[in-house]
Structure formats: C-alpha cells, structure tokens
Amino acid sequence: KSYIFDESSWAIIIMHDRTYFSNRATGEEYVEAISPDEIIEVSDDFILMKNENQDEITLYSLIEQKPVVWLSNLIFQNDRSIVWREDVDSVNKTRIIIFSLADLTKKHILETTSYIVDDKNQWILVVNENTVEKIILGEEFEKKTIGKFEGDFATFISPSIVASTCYKYGENHIYLTDFY
C-alpha cells in the first residue's frame, strides 16, 4: 500500500515487513521496521497507524521518526489534537483523553457519564452530574462550564441539546435544554 496525502509532503509505502517514508519537499527518506495495515493523516508531522485485529492505534511522529503515544477508541482528530476514550472501572463512566500535538501532552483527562463531539465546530461536550462542560479542540484547549440541566441526564439530542428526566409531583417529566 502507498499513501500520499493532500496536506502532507510525506509519501509512505508499506511493504510486507517495513515502511518507507519519503518527504517530497525536503528529500528526506527513511525506512522503519513496521508494517501497519492502515495509515491516517493527522497533520504534516503526524500520522495514525492501525493494524487489523488490534484495538491499539499508534500516533507516529514523521519528524522524530518514532511513536509518540498508543491509544484505542479514537473519537476525534484534527491537526492540533487527538481525542480518545478509555473505559473506567466505575459504573457508567468513560475517561476522555485530550492530547495536544503542539507540545505532545495530555491537556485534559476527564471522567464523564456521557459526551458528544461536534466535528464541524471542533469541540467536545462532557456531562458530569447536572453540568455540561465544553472543551474547544484547538490551540488553548479551554474547558468551561456552559450550563446545568434539571433532572437526570438521558442523552444528547444534538451537539447542543441535552435531554434529561425528572420525577416531580408524581409524574415523570422530560426536559430538553439547549445550550446555544
């Protein structure tokens, strides 16, 4: 298999037991003793490598010529961040990891009962108890509380609407809260 991406100057050829990397802009070339089944472009400097029948995905630095981090359950990527989820031992909780490609650090590690990613606007909403928090998946990775809702979280209707339920006055009530 071979890969040439629109946003990257790298050409990548996967052989049976190794992978050849060539930077079309600089002429730099090297070979690694790795052979992924699939490559996903992240930015000019990073790719994701996947193998069939394996959950683990490798974030690989084309500049440093080495793996940066291993992850599974990828939920979002752009040229500034990688976001993945991990299962947590506690009931109904998920851990969301937001990783910065600029400084190769985990900017946020969040435990949440639910989340939704807005790919178009490049942000993620997470629910904790009756609070919804928003993290913009860009330069600053700012996390801010955008609102609270009444009752128990049920589901996200869209990237901005939360459905919740509440038992009041002998009846079940469904609430829809729009945060935008």
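Residues numbered from 1 in each chain as written. Predicted model: local features only at pLDDT ≥ 70, side-chain atom pairs only at ≥ 80, totals over all residues. Heavy atoms only, no water.

Draft legend 1. Inspection of the overall build of the chain at higher detail. The helix and strand inventory of the chain stands at 0 helices and 19 strands. Computed over C-alpha atoms, the radius of gyration of the chain comes to 20 Å, more than 25% over the 16 Å expected from 2.2 N^0.38 for 180 residues, which places it beyond the range of a compact globule. Reported as C-alpha extents along the three principal axes, the dimensions of the chain are approximately 70 × 30 × 25 Å. For the chain, the residues scored as buried account for 41% of the 180 residues in total. Long-range pairs, those at least 24 residues apart, make up 26% of the contacts in the chain with a sequence separation of at least 6. Counting every atom, the chain has about 10,300 Å² of accessible surface; 45% of that belongs to carbon and sulfur. Across the chain, the 17 positively charged side chains and the 32 negatively charged ones have centroids separated by 4 Å. (Helix = DSSP H or I, 4+ residues; strand = E, 2+ residues; numbered from the N terminus. Rg over C-alpha atoms; globule rule 2.2 N^0.38 Å. Buried < 20%, exposed > 50% of the residue type's maximum accessible area, 1.4 Å probe, protein only. Contact = heavy atoms within 4.5 Å. Areas by Shrake-Rupley, 256 points an atom, 1.4 Å probe, with all protein chains shown as cover. Lys, Arg positive; Asp, Glu negative; His and termini not counted. Charge placed at Lys NZ, Arg CZ, Asp CG, Glu CD.)

Draft legend 2. Region of interest: the packing of aromatic side chains. Scanning the model with the defined rule gives 7 aromatic pairs in all. Consider the rings of Tyr3 and Phe5, whose centres lie 5.8 Å apart with planes at 25 degrees: the pair is stacked. The exposure classification of Tyr3 matches that of Phe5, with both residues buried. Where Trp84 meets Phe99, the ring centres are 6.1 Å apart and the plane angle is 45 degrees; that geometry is what we call tilted. With a gap of 15 residues between them, Trp84 in strand S10 (residues 81-87) and Phe99 in strand S11 (residues 94-100) connect regions that are remote in the sequence. Taken as a pair, Trp84 and Phe99 share a single burial class, namely buried. (Phe/Tyr/Trp six-rings, centres within 6.5 Å; stacked < 30°, edge-to-face > 60°.)

Draft legend 3. Quick peek at the side chain of Asn23. Turning to its location among the elements, Asn23 is positioned in strand S3 (residues 19-23). Side-chain polar atoms of Asn23 contact the side chain of Ser9, separated by 3.1 Å. A distance of 3.1 Å separates the side chain of Asn23 from the backbone nitrogen of Thr26, its partner in a polar contact. The residues contacting Asn23, other than those within four sequence positions of it, are Ser9, Trp10 and Glu28. (Polar contact = N/O pair within 3.5 Å; in protein donor to acceptor, adjacent residues only side chain to side chain.)

So far we have only geometry, and geometry alone does not tell us how the molecule works.
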